[in-house]
Amino acid sequence: MSTRGRSELQINLATNIVIISMAMLFATLFMGYAIYRSSAPVWPPMGVQRVSLLLPSLSTVVLFISSFFCYQVSVSTKKNELSKGHKYLNLTILFGVGFMVLQGLLWNQMKSSGLFVSSGIFASITYAFTWIHFAHMVAGLLALLYLKKILKPETVNLLTKTSSVENFWYFLEIVWIIMFITLFVF
Amino acid sequence: MSGGYNEIHPEPTTFWSKYIFSFDHKVIAKQFLWYGIFFLGVGGLMALLIRWTLANPGVPVPLIGNILFSGSGGVVPPDTYAMLFTMHGTIMIFYAITPILIGAFGNYCIPLMIGARDMAFPLLNMLSFWFAFLSGAVLLLSLFIPQGAAAGGWTSYPTLSTLIGSPGAGQTLWCVAIFIFGISSTMGAVNYVTTVITLRAPGMGYFDMPLTVWGLWLTAILNAIFVPVLGAGVILLILDRVFGTTFFLAGASATSGSGDPVLFQHVFWIFGHPEVYILILPAWGIVSDLLSFFSRKPAFGAKATALSMTSISILSTLVYGHHMFTTQMSPLLTQSFMTLTMTISIPSAIFFANWLGTIWKGSIRFDSPMLFSLGVVFVFGLGGLTGLHLGTTTTDLFLHDTYFVVGHFHYTMAASVLLGGFAGIYFWFPKMFGRMMHEGLAKVHFWGTMIPLNGIFFGMLLVGYGGMHRRIYNPFIYESLQRLIPVNNLITTSAILMGFFQLVFVYNLIKSLLSGEKATNNPWEVGTLEWTIPSPPPHHNYDIIPVVKCGPHELGNPNLKTGRDFQYQTEELVQA
């Protein structure tokens, strides 16, 4: 194996292990959710209102657009058009931040409709899952900023590093979509 | 961030970059070693306090009682007793065994034994230690806050661990400490897995790796997958305690929609059962190698040993329910978990037979690493066999939560891992520090550990079978248990004796470090890669990356004409 191929493999392995670890964390959360939900007589529990779908749907769209731009970053990097890559990266970050702002609005809305963190298991799950996902979004954003810093022609293994950050961003997107479907839609 | 394969990092020159924030895997390994030995002392002292209380309820602790428990006249108070067994378990598992077996040996052995110059990600490696350090500091801090440390058992089951069961900040700090430790473990795991896959020396296939590396590698894989499960559990527990969510609150305490305390048990053991193997696999690997090295014979069925360890790692993820037979599980589930648990006996029996096959008719050298390895064979055998009683639903319903359980898991997780750890320390000390440990003192330490250790843990099996429950402050208020006082006294006396003989180890360690006999490159005459380079190895380990031509256990080959009875992994396998 060449030194170059080896260090590419190292980066890919490390990224995948990190993603598997985080996936296990979220899988545990969803397992708990499945148990709560299947053992509850009605869902949402008596006297609890569902969260309005507007903000979660908007968040989904915004995050999807952000992932689309993220995909464009790696496409441009592969074509060696780094200035285009920077432009798309800025858009990725912008829409990522937009998603986070929408999450803040969502929490506000839940609070003003009387759904507090301590108002039972439905609220516990909705708040805790979105918080934990948000914390990972912060990590994802830091990864994007790191990519912003290294997105230059002289960076070693640039393509591998770009695709690592990209995969991590997709992972966060996938987790959100599962949350959107299971927590808000159904 | 990734370390190039062949590049030699410049040697650090300042004190800080050389000894404190070092990227060098050998220095990080030593940091983990001292960290682990420190916490081993703290956890051991706690064990002695627990044992003193059980053998002499209401009697002040001699020597240190008046300093530690001045409020109660030197007697361990009941709430402090709960904190002691909680912190003893937590410290021993996460802060003593994990750093020594995985942190120290993982860091030291993996790159050296596979012929690499460092880990794949040296910076991540350093961060892993400092996260562990932070975690340990948080845990120690929790001992000194008002209302004291966590007291819900190392398993921290709700409702004991919710605000109802433990109102103080201790339990929250416990959760935070465990979470940070999880991050540290995951960082380590990323490094170990990647290093083993990408940095093996040319010519080294997976089955040419020493079994030590196999054990550590499998441990790292399990770590990466299952530590985050506990991470999720403690995050939810923190949210319950700090933000008022109701994940683990049921009934009247949960206002609308019910949480589920038993869910935490599921989450805990989905992590917890693999964790048992996370702790024992490195010790199995070390022992599998050492038995071969000191019997001067190839490891019997080395490939089968590696594959059984692998299948145990896989099976370990499917059996966690056997910790929860008494939680009103469906009998269909208990039977499935029981059957899967019994299945683990098959690969365990394979590698156990391989251990015996390795020493069979060997020219055994009874040096201290070998003595400790043979100790592991004995105590792990006992620990494994007592596991059968607990994996079987019918007997477990009777034995659940008794000292039989305590005896069993101490035999497997404490005794074998401790002895395996000592074997490793005596074996690699010359390589780590360039000096030999005193062999006579090491032998005294072995017998002084081995005999009392069996007094303690076999005694626990007996009192448990006699019906004594764990975690009771004073079991002898129950008349039926008073007949167990003499055995409990035996256990405590053994514990004090064993504690005393650990001082011999500490003395030997310090003395050898300062003035031990200088070690040669290869004092034990074995052929794995780390013994081809000077003791201690230079900063970059290998001047030239070695090329591997044979397996790690080529000892006692009758065709050897070199005057040695072993050959190095860098030499072509000698054939007739």
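This text goes with the structure placed above it.
Let me begin by describing the structure that accompanies this report.

## Observations regarding the packing of helix α8 (residues 261-295) of chain B against helix α14 (residues 403-433) of chain B
When two helices pack together, you describe them by how their axes are tilted relative to each other and by the distance separating the axes.
Residue and element names in this part refer to chain B.
No. 1: Viewed as axis vectors pointing N to C, α8 and α14 meet at an angle of 45°, and their least axial separation amounts to 9 Å. Judged on the interaxial angle alone, α14 and α8 are oblique. Pair α8 / α14 crosses with left-handed handedness. Contacts from V276, L279, I280, A283, I286, L290, F293 and F294 in α8 reach T412, M413, S416, V417, G420, A423, G424, F427 and W428 in α14.
No. 2: For the contact of α8 with α14, a count of residues per class yields 13 nonpolar, four polar and no charged.

## Concerning the interface of chain B and chain A
No. 1: Taken residue by residue, the interface counts 38 residues in chain B and 33 residues in chain A.
No. 2: When the two sides are added together, the surface that chain B and chain A hide from each other amounts to roughly 2900 Å², 74% of it contributed by carbon and sulfur.
No. 3: Our count for the contact surface shared by chain B and chain A stands at zero salt bridges.
No. 4: Taken together, chain B and chain A are joined by six residue pairs in polar contact (both at pLDDT 80 or more).
No. 5: Looking at the side of chain B that touches chain A, the elements that each hand over two or more residues are α6 (170-198), α7 (211-242) and α8 of chain B.
No. 6: If one sorts the elements of the side of chain B that touches chain A by residue count, α7(B) sits on top with 10 residues.
No. 7: The class makeup of the residues in the side of chain B that touches chain A is 22 nonpolar, 14 polar and two charged.

## With respect to the nonpolar core
In a soluble, globular protein the nonpolar side chains are often hidden away together inside.
All names here are of chain B.
No. 1: Y95 and W284 are the most contacted members of the largest nonpolar core, which has 245 residues in total.
No. 2: Among the elements that make up this core, the one with the highest residue count is helix α4 (residues 78-113) (23 residues).
No. 3: The contact partners of Y95, leaving out residues within four places of it in the chain, are Y35, G36, F39, T90, S135, G136, L139, A177, I178 and F181.

## Re the packing of helix α1 (residues 3-39) of chain A against helix α5 (residues 158-185) of chain A
All names here are of chain A.
No. 1: Between α1 and α5, whose axes approach to 10 Å, the crossing angle comes to 10°. By the angle between their directions, the pair α1 and α5 is classed as roughly parallel. In this structure, α1 uses E8, I11, N12, T15, I19, M22, A23, F26, F30, Y33 and R37 to contact α5, whose residues at the interface are T160, K161, S163, S164, N167, F168, F171, V175, I178, M179, T182 and L183.
No. 2: Its residues placed into classes, the contact of α1 with α5 shows 13 nonpolar, seven polar and three charged.

## A look at the pattern of salt bridges
Residue and element names in this part refer to chain B.
No. 1: In the structure shown here, the tally under the stated rule is six salt bridges over all chains.
No. 2: For E439, the salt bridge is made with K443, and the minimal N-O distance between the two is 3.4 Å. Residue E439 and its partner K443 are both found in helix α15 (residues 439-465); the two are separated by four residues, about one turn of the helix.
No. 3: Overall, E439 belongs to the partly exposed group, its relative accessible area being 24%.
No. 4: What makes K443 partly exposed here is its relative accessible area of 31%.
No. 5: With a shortest N-O distance of 2.8 Å, R564 and E571 are connected by a salt bridge.
No. 6: Judged by its relative accessible area of 24%, E571 falls in the partly exposed class.

## Re the side chain of B:H25
No. 1: Note on placement: B:H25 falls in helix α2 (residues 25-55).
No. 2: In this structure B:H25 comes out as buried when scored by relative accessible area, which is 0%.

## Description of α8(B)
Residues and elements named next belong to chain B.
No. 1: Taking 1.5 Å as the rise per residue, α8 with 35 residues should run 51 Å; its terminal C-alpha atoms sit 51 Å apart, in good agreement.
No. 2: Of all the bends in α8, the greatest reaches close to 30° and is centred on I280; the proline P282 follows between one and four positions later.
No. 3: With respect to burial, α8 is a largely interior element, 34 of its 35 residues being buried.
No. 4: Where α8 begins, the side chain of D260 points an oxygen toward the backbone nitrogen of V262, at a separation of 3.1 Å.

Criteria and cut-off values
Residues numbered from 1 in each chain as written. Chains lettered and ligands numbered in written order. Predicted model: local features only at pLDDT ≥ 70, side-chain atom pairs only at ≥ 80, totals over all residues. Heavy atoms only, no water. Axes fitted to C-alpha atoms, helices over the stretch in contact; angles between N-to-C directions. Helix = DSSP H or I, 4+ residues; strand = E, 2+ residues; numbered from the N terminus. Parallel < 35°, antiparallel > 145°, perpendicular 65-115°, else oblique. Left-handed = near helix turned anticlockwise from the far one by under 90°. Contact = heavy atoms within 4.5 Å. Nonpolar A, V, L, I, M, F, W, Y, C, P; charged D, E, K, R; others polar. Buried area = accessible area lost by both parts, 1.4 Å probe. Salt bridge = Lys/Arg side-chain N within 4 Å of Asp/Glu carboxyl O. Polar contact = N/O pair within 3.5 Å; in protein donor to acceptor, adjacent residues only side chain to side chain. Core = buried A, V, L, I, M, F, W, Y, C linked by side-chain atoms within 4.5 Å. Buried < 20%, exposed > 50% of the residue type's maximum accessible area, 1.4 Å probe, protein only. Expected span 1.5 Å × (residues − 1). Bend = angle between axes of the 7 residues up to and from the residue.

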